[in-house]
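Descriptive structure summary
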Amino acid sequence: MPRLGYALGFLACAALLAFAYYLQYYEGQDPCPLCILQRVAFLALAVIFLVAAVHGPGRIGALVYSGLLITAASTGTALAARHVWLQNLPRSQVPECGPGLEYLVKRLPLTEALEKIFTGSGECAEVGWTFLGLSIAGWSLLWFLLFGAFAMYLALAAMRRTSR
């Protein structure tokens, strides 16, 4: 049963990443720096879910994987929450557009580049696609919260399963 849960988590992450690339390459929705970092968080979740599914861990392993999943989901949640906040700022408070992610990473020390990325820019405040009233960042926030809760569920299930 736990392998199935981890496999489902992997498939959900893979589907979300595939949809992000569909929006980028077929719908022309170019990702901003915060979008790219959220993709990295989804990729981290996918890798952890996949490794856990292949491994089929016992109690201790399930707790370790859940800790890693919760860390990745929490990081993604923070990124998506910041993104949603930027998207809901009044126009007069939106930061100016800055250089792209590739330029920031190549030209600045990593700490400075990350600071500028987390601050966000005008392009991160744009909402180009919505579904049921939520932007891509809003949906990402929801999914990161769900993945974090699912990781906790998997950990609790592993503890109950092995304590019997």
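The paragraphs below set out a description of the structure included in this document. Every value quoted in this text rests on a predicted model; they were computed, and no experiment measured them.

A short note on the nonpolar core
In this structure, Tyr6, Leu45, Phe49, Leu69 and Phe147 are the most contacted members of the largest nonpolar core, which totals 23 residues. Put simply, the parts of the chain that give this core at least two residues each are α1 (2-25), α2 (33-55), α3 (59-87) and α7 (136-163). Counting residues per element, this core draws most heavily on α2, at 8 residues. Beyond its immediate stretch of four places on either side in the chain, Tyr6 contacts Phe49, Ala52, Ala53, Pro57, Ala62, Tyr65, Leu69 and Leu154. Grouped together as the second largest cluster of nonpolar side chains are 6 residues, Leu34, Cys35, Leu37 and Leu86 included.

Regarding the environment of Ala78
Within the secondary structure layout, Ala78 lies in helix α3. On the basis of relative accessibility, which here comes to 49%, the residue Ala78 falls in the partly exposed class.

Some words on the packing of aromatic side chains
Evaluation of the coordinates by the stated rule reveals 10 aromatic pairs. Aromatic side chains Phe42 and Phe144 sit 4.0 Å apart centroid to centroid with 15° between the ring planes, which places their arrangement in the stacked category. In this pair, Phe42 is assigned in helix α2 and Phe144 in helix α7, connecting sequence segments 102 residues apart. Here Phe42 falls in the buried class, since its relative accessible area comes to 6%. Each residue in the set Phe42, Phe49, Trp143, Phe144, Phe147, Phe150 and Tyr153 is aromatic and connected to the rest through ring pairs, giving one cluster. Sitting over the ring of Tyr21, Arg39 keeps its end group 4.6 Å from the ring centre.

Calculation rules
Residues numbered from 1 in each chain as written. Predicted model: local features only at pLDDT ≥ 70, side-chain atom pairs only at ≥ 80, totals over all residues. Heavy atoms only, no water. Core = buried A, V, L, I, M, F, W, Y, C linked by side-chain atoms within 4.5 Å. Buried < 20%, exposed > 50% of the residue type's maximum accessible area, 1.4 Å probe, protein only. Helix = DSSP H or I, 4+ residues; strand = E, 2+ residues; numbered from the N terminus. Contact = heavy atoms within 4.5 Å. Phe/Tyr/Trp six-rings, centres within 6.5 Å; stacked < 30°, edge-to-face > 60°. Lys NZ or Arg CZ within 6 Å of the ring centre and 35° of its normal.

Function-wise, these values are silent; they only describe arrangement.
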